[in-house]
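# Structural characterization, general
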Amino acid sequence: FNPSGKSPDWYDPRQKCLACLIRSQDVADLFLMFNAESEAVTFAVPPARSPCFWRLAADTAESSPLGFYSPGEEAALANPTNYLVQSRSSVILVAR
C-alpha cells in the first residue's frame, strides 16, 4: 500500500513509502510501514479483523527499549485509523 492505503505506484521513482498487510489463519495479522522519506508521513491503517485491534509491536524511530514491545505486551494505538511514521523509520503493528 502507499501511505493513503491505495496500491503503490511501482513506477514512481520518488515514492519512498510503503506498507504491507500480512494476514494469517494461524498467527496474528501484521501491518508493516516503511518510510524512507526525509519527513514524517502519516499512513492510513486498515481495520483489524474483529475482534482484534492493532497494537504497536515496534517503532524504529524510538530508542530501545521504548519503541519495542515483547509479544503480548504491545502498546495500544492512540488513533487506530492512522499512524505517523517518522522519517527513515519502520513500524510494525500486530492485531491482538
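See above for the structure.
Not measured: the values here are computed from a predicted model.

## Description of the sheet that holds strand 1 (residues 17-22)
Overall, antiparallel pairing links the five strands, which are arranged 1-2-7-4-5 in an open sheet. Edge positions in the sheet fall to strand 1 and strand 5 (75-76), since each has one partner strand and no second.

## A word on the pairing of strand 7 (residues 89-95)
For strand 7, a buried count of five out of seven residues is recorded, marking the element as mostly surrounded by other parts of the structure. Sheet topology places strand 2 (residues 30-35) next to strand 7; six bridges connect them, and they run antiparallel. When the bridges of strand 7 are listed, F31 appears paired with L93. Taken together, the five bridges between strand 4 (residues 54-59) and strand 7 define a ladder with antiparallel strand orientation. Of the residues in strand 7, the one forming a bridge with L56 is L93.

## Looking at the nonpolar core
If you look at the biggest cluster of nonpolar residues, it comprises 16 residues, and the most contacted ones within it are M33, Y83 and L93. Counting only elements with at least two residues in this core, the list comes to strand 1, strand 2, strand 3 (41-44), strand 4, strand 6 (82-85) and strand 7. Counting residues per element, this core draws most heavily on strand 7, at three residues. Other than its neighbours up to four places away in sequence, Y83 contacts M33, V41, T42, F43, V45, L56, D59, L77 and V91.

## Section: the side chain of D59
Within the secondary structure layout, D59 lies in strand 4. The side chain of D59 is buried and forms no salt bridge, while R88, the nearest opposite charge, is found at 14 Å. Of the polar contacts made by the side chain of D59, one reaches the backbone nitrogen of A61; its length is 3.0 Å. Excluding anything up to four places from it in sequence, D59 contacts G67, F68, Y83, S90 and V91.

## Describing the environment of S63
Here S63 lies in the loop between strand 4 and strand 5. Classification of S63 as partly exposed rests on a relative accessible area of 47%. C-alpha of S63 to C-alpha of A48: the two residues are 15 residues apart in sequence and 27 Å apart in space.

## Observations concerning the environment of W54
Looking at the element boundaries, W54 is found in strand 4. Accessibility expressed as a relative area gives 5% for W54, which makes it buried. C-alpha separation for the pair W54 and S89, spaced 35 residues apart in sequence, amounts to 19 Å. Excluding anything up to four places from it in sequence, W54 contacts L21, D29, L30, F31, V45, P46, P47, A48, L77, L93, V94 and A95. A distance of 2.6 Å separates the side chain of W54 from the backbone oxygen of P46, its partner in a polar contact.

Criteria and thresholds
Residues numbered from 1 in each chain as written. Predicted model: local features only at pLDDT ≥ 70, side-chain atom pairs only at ≥ 80, totals over all residues. Heavy atoms only, no water. Pairing = 2+ DSSP bridges. Helix = DSSP H or I, 4+ residues; strand = E, 2+ residues; numbered from the N terminus. Buried < 20%, exposed > 50% of the residue type's maximum accessible area, 1.4 Å probe, protein only. Core = buried A, V, L, I, M, F, W, Y, C linked by side-chain atoms within 4.5 Å. Contact = heavy atoms within 4.5 Å. Lys, Arg positive; Asp, Glu negative; His and termini not counted. Salt bridge = Lys/Arg side-chain N within 4 Å of Asp/Glu carboxyl O. Polar contact = N/O pair within 3.5 Å; in protein donor to acceptor, adjacent residues only side chain to side chain.

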